[in-house]
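# Residue-level structure breakdown
Each chain, written out:
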Amino acid sequence: MNCPKTKLISAYLDNEMRLREKTSFEAHLQDCAQCGAALGEMRSLRAAFADADRHQAPYGFAARVMAQTEALERKKSPWFVPLFIRFAEVAVLLLVITVGILAGKVMTNGRSTVNTENIASSLSLDLFDATPPGSLGGAYLAMTEVSNEK
Ligand SMILES: [Zn+2]
């Protein structure tokens, strides 16, 4: 059976636990053989890494790695490809706009003169009839006209 608390061993060894977590995990370690074994393994592994010799990287190693990385990226994408893609995007956009304008002209052809006449007549107030006497609107207008005269 796998104990889910074995994940906590690394945090325990790095001293990243709160006091309450730490004491409860230490109590768990007393009872759980799996966590105890994993803790022992992790400790010996860390000790082996701590004892290992450290080697200095050769002079200019980082600069050579970065230069090779840049060369590989340049080979992967030549400079003219992004520019070509830009031109293609602009061309498609212009084509869509032109087709839209032409389609709009074709669809509204011949109708536009009639429409302007309708719009002009609808904007004038000639459409409204006088308010019939005795109606609510007529009473309101009569009241406002009286108050305006004073
Ligand atoms: Zn456990």
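Only a predicted model underlies this, so the values are computations on that prediction, with no experimental measurement involved.

This brings us to the overall build of the chain. A tally of helices and strands in the chain yields 7 helices and 0 strands. Going from the N terminus to the C terminus, the chain shows its helices and strands as α-α-α-α-α-α-α. Taking the intrachain contacts of the chain between residues at least 6 apart in sequence as the baseline, contacts between residues at least 24 apart amount to 51%. Surface accessibility of the chain: about 13700 Å² in total, with carbon and sulfur atoms responsible for 64%.

With that out of the way, let us pick up helix α2 (residues 19-31). Helix length check: α2 (13 residues) gives 19 Å between terminal C-alpha atoms against 18 Å at 1.5 Å per residue, within 8%. Of the positions making up α2, those classed as buried are Phe25, His28 and Leu29. Projected onto a plane normal to the axis of α2, the buried residues spread over an arc of 105° and lie on a single side. The outward face of α2, more than 90 degrees from its buried face, is lined by the exposed residues Leu19, Arg20, Gln30 and Asp31. Elements that come into contact with the buried residues of α2 comprise α1 (9-13) and α3 (33-51).

Burial of nonpolar side chains together is a common tendency in soluble globular proteins. Within the largest apolar cluster, 9 residues are counted, these being Cys3, Ile9, Tyr12, Met17, Phe25, Leu29, Cys32, Cys35 and Leu39. When residues of this core are traced back to their parent elements, those giving at least two are α1, α2 and α3.

Attention shifts here to the coordination of the zinc ion. Every protein donor of the zinc ion is accounted for by Cys3 (SG), His28 (NE2), Cys32 (SG) and Cys35 (SG), and the metal-donor separations fall at 2.0 to 2.4 Å. Considering all 4 donor atoms around the zinc ion, the spread of angles at the metal, 102 to 117°, places the coordination shape in the tetrahedral class. Sequence spacing among the residues donating to the zinc ion works out to C-x24-H-x3-C-x2-C. Residue Cys3 is located in the segment before α1, and its partner Cys32 is located in the loop between α2 and α3; the two are separated by 29 residues in the primary sequence. The same class applies to Cys3 and to Cys32, which are both buried.

Given a rise of 1.5 Å per residue, 16 residues ought to cover 22 Å, and the 23 Å separating the end C-alpha atoms of helix α4 (residues 61-76) matches this to within 8%. In terms of residue burial, α4 counts as a barely covered element, since only 0 of its 16 residues are buried.

What follows covers the pattern of salt bridges. Taken as a whole, this structure holds 2 salt bridges when the rule is applied. A salt bridge links Arg46 to Asp14, with the shortest nitrogen-to-oxygen separation between them at 2.5 Å. Of this pair, Arg46 sits in helix α3 while Asp14 is found in the loop between α1 and α2, placing the two residues 32 residues apart along the sequence. With a relative accessible area of 32%, Arg46 lands in the partly exposed category.

What counts, and at which threshold
Residues numbered from 1 in each chain as written. Predicted model: local features only at pLDDT ≥ 70, side-chain atom pairs only at ≥ 80, totals over all residues. Heavy atoms only, no water. Helix = DSSP H or I, 4+ residues; strand = E, 2+ residues; numbered from the N terminus. Contact = heavy atoms within 4.5 Å. Areas by Shrake-Rupley, 256 points an atom, 1.4 Å probe, with all protein chains shown as cover. Expected span 1.5 Å × (residues − 1). Buried < 20%, exposed > 50% of the residue type's maximum accessible area, 1.4 Å probe, protein only. Arc of directions from axis to C-beta. Core = buried A, V, L, I, M, F, W, Y, C linked by side-chain atoms within 4.5 Å. Donors = N, O, S within 2.8 Å, 3.2 Å for Na, K, Ca; no water. Tetrahedral: all angles 85-135°; square planar, octahedral: opposite > 155°, others 65-115°. Salt bridge = Lys/Arg side-chain N within 4 Å of Asp/Glu carboxyl O.

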